[in-house]
Amino acid sequence: MLWALGADIRQQSSWKKLKVRTVIKLDIYGDIYFVARDNNETTITYPSLATAHFLKISDYAIALAAIINFEACIKSKNSTNVSTPYPSIQLLKSYIHQDAGWSESFKSFNTGMYAKPEIKKIIEYFVGIKPAGFFEPLFKSAKLNGALEELKSQSEKIETVRNVVTSFRASKFDELSFTEYRKQDYNSKIDSLIKKEIDLKDQGFELKKVIFEQKKQVRLISKAESELFKDYQFATNEVEGQSVNCPTCGTEHRNNVIDRFQLIDDREQLIDARKLMQKDIAKYKAQLDGLNHELAELRNLISIEKMYSNTPEHLEQMIVENSMGHFDSMLGNVFEQVTNHNSAHRELLEEEIRGVGTFKKNKIYREKVKSIKQEFRNKLRAYLEDLAVEDVDGLEEQQLLYSFDVSVSGSDVSRAILAYYRAITDISSKYCAAYTLPMVIDTPLQQEQDIENLTLIVGFLSKWNDQQLFLFGSDQQCYDEIKSDSYTKVTLLTARKRLLSTENYIALASSYDRFFSL
């Protein structure tokens, strides 16, 4: 279920081989969203029935954050800019994994791409210590920095183009320089170019001959195809076993099933030969087009050489020098304008970044933080007592909000973790603008809990009235208190690792598959 929402959960290595497809229906105050996931591709269907398809989890994370009103941003380990975190971070407090989640807080998801100080910011966001206003300037700076990096990249590309074009210009005008042309024997060079032109024309003529012969062969093969097909039609209309004379070619054929199939096979071989020849014709035509293009360039060059051969030396020098000056002036003006525009834009972005500022921590804010931390400790203490967790003295001195490390052991560890998650969630629902999501709790019984402690857990969860819960585990009598609640939906699995029977799946398939055909 959490994987369906894009979270990177701790799973068996064989999970990826299962090619799981899922659809999750989210009802947020009457607005219905459908999130469909197929491997790493995700599609969201919005209340308006508009759809959005995501190939990258980073893009999907932004869309999910907008749906659940998640307004925090942090840096990943491989980035210098903040961004909307992956779904695993957005759902951080909504899952207790059956193994890792019961021994240490916030270990139910794979969050290795984020450093602990960044995850600490998310915890502070959940409890209201870092409100949305704290992240607004970070988001704005990240957007401006991204635009600035893109502009710098563009400037580097422009400079590269300038160098390439300048180098190209220099080499071309060096070929046309006055001193070089004065030394050349123009007639000799023109003769050489004309000889090359004749060679290209000869090559083109040979190609035309080949294409003509190939087309003639294709026509013959096509005619043979047609005659064989008529032979086959005639044979199938006559009595099998008799010899028949073909009306199209006069050939006598043995008329049996084997010979009829031989006619078909012969025709298929002709069709293959014709297709192969047609491919060759296309290849020769492409070569001919290339030769014609080369010829056109060569003729232009011959015209230029003839013009220079008939131009007096002093005019030649003037033309070349004026051409170089004009080109350099034009080239310089274009790049100067583009460079100046980019520089001005960069200065504006840098000025905006300097003016973004930071979140102000005034006296009222500091008092609020102090109050939130105290409220968290009070709730945590009360929940630990409800779950009969021992040795919880010293809560006032410990930084439990960020790193839950109460000096308890054995089965008390799991119940203490449960108390911590509820305290965080309660504070979050009060102080954080993000919507409180369902809480997924996986197999509390196996965490060294006896029936007496499991009964405590069930009673604790049954009083968590303002939180939607998904509780997974083997059926126990002590769960009856929760199962008897009118709001509780119970699903009993009668087969290992199978939620739906074949019949139920077939009934749902048509409505389910439509989300994967968008």
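What comes next is a walk through the structure. (Residues numbered from 1 in each chain as written. Predicted model: local features only at pLDDT ≥ 70, side-chain atom pairs only at ≥ 80, totals over all residues. Heavy atoms only, no water.)

## Some thoughts on the sheet that holds strand β5 (residues 95-96)
And then number 1: Read from one edge of the open sheet, three strands run β5-β8-β9, paired in parallel fashion. Edge positions in the sheet fall to β5 and β9 (469-472), since each of these pairs with one other strand and no more.
And then number 2: Bridge count for β5 against strand β8 (residues 439-442) is two bridges, and the pairing is parallel. When the sheet's bridge partners are listed, Ile96 is paired in β8 with Ile441. (Pairing = 2+ DSSP bridges. Helix = DSSP H or I, 4+ residues; strand = E, 2+ residues; numbered from the N terminus.)

## Let's talk about the environment of Ser79
And then number 1: Within the secondary structure layout, Ser79 lies in the loop between α1 (57-68) and α2 (87-90).
And then number 2: A C-alpha to C-alpha distance of 10.0 Å links Ser79 and Tyr114, two positions 35 residues apart in sequence.
And then number 3: Within polar-contact distance, the side chain of Ser79 engages the backbone oxygen of Asn81 at 2.9 Å. (Polar contact = N/O pair within 3.5 Å; in protein donor to acceptor, adjacent residues only side chain to side chain.)

## A few points about helix α3 (residues 116-126)
And then number 1: Of all the residues in α3, the buried ones are Glu118, Ile119, Ile122, Ile123, Glu124, Tyr125 and Phe126.
And then number 2: Of the residues trailing α3, Gly128 is marked for its positive phi of about 90 degrees. (Buried < 20%, exposed > 50% of the residue type's maximum accessible area, 1.4 Å probe, protein only.)

## Concerning the packing of helix α10 (residues 412-431) against helix α11 (residues 451-462)
And then number 1: Running from amino to carboxyl end, α10 crosses α11 at an angle of 5 degrees, the nearest separation of the two axes being 11 Å. Considering the angle they form, α10 stands roughly parallel to α11. Mapping the contact onto sequence places Arg415, Leu418, Ala419 and Arg422 in α10 and Asn453, Ile457, Phe460 and Leu461 in α11.
And then number 2: Its residues assigned to classes, the contact of α10 with α11 comprises five nonpolar, one polar and two charged. (Axes fitted to C-alpha atoms, helices over the stretch in contact; angles between N-to-C directions. Parallel < 35°, antiparallel > 145°, perpendicular 65-115°, else oblique. Contact = heavy atoms within 4.5 Å. Nonpolar A, V, L, I, M, F, W, Y, C, P; charged D, E, K, R; others polar.)

## Points about the packing of helix α9 (residues 363-386) against α10
And then number 1: Two elements in contact, α9 and α10, have axes separated by 9 Å at closest approach and are oriented at 140 degrees. Judged by the inter-axis angle, α9 sits oblique to α10. Every pair of crossing elements has a handedness; the one defined by α9 and α10 is right-handed. Note on element contacts: α10 touches α9 through Ala416, Ala419, Tyr420, Arg422, Ala423, Ile424, Asp426, Ile427, Lys430 and Tyr431, opposite Lys368, Ile372, Glu375, Phe376, Lys379, Leu380, Tyr383 and Leu384. (Left-handed = near helix turned anticlockwise from the far one by under 90°.)

## Focus on unusual backbone geometry
And then number 1: Despite not being glycine, Phe106 has its phi angle at roughly 60 degrees, a positive value.
And then number 2: Here Phe106 is to be found in the loop between β5 and α3.
And then number 3: Unlike most non-glycine residues, Thr443 shows phi in positive territory, near 45 degrees.
And then number 4: Secondary-structure assignment places Thr443 in the loop between β8 and α11.
And then number 5: Look at Thr443 and you get buried, because its relative accessible area is 15%.

## Here's the deal with the sheet that holds strand β4 (residues 51-54)
And then number 1: With antiparallel pairing, the four strands of this open sheet are ordered in space as β1-β2-β3-β4. Of all strands in the sheet, those bounded by a partner on one side alone are β1 (21-28) and β4. Within the sheet, the average angular offset between the axes of one strand and its neighbour, ignoring direction, is 15 degrees.
And then number 2: Strand direction decides the pairing type here: strand β2 (residues 31-38) and strand β3 (residues 41-45), joined by five bridges, are antiparallel. Among the inter-strand pairings, Val35 is bridged to a residue of β3, identified as Ile44.
And then number 3: Along the sheet, α1 contacts β1, β2, β3 and β4; its crossing angle with β3, the most-contacted strand, is approximately 30 degrees.

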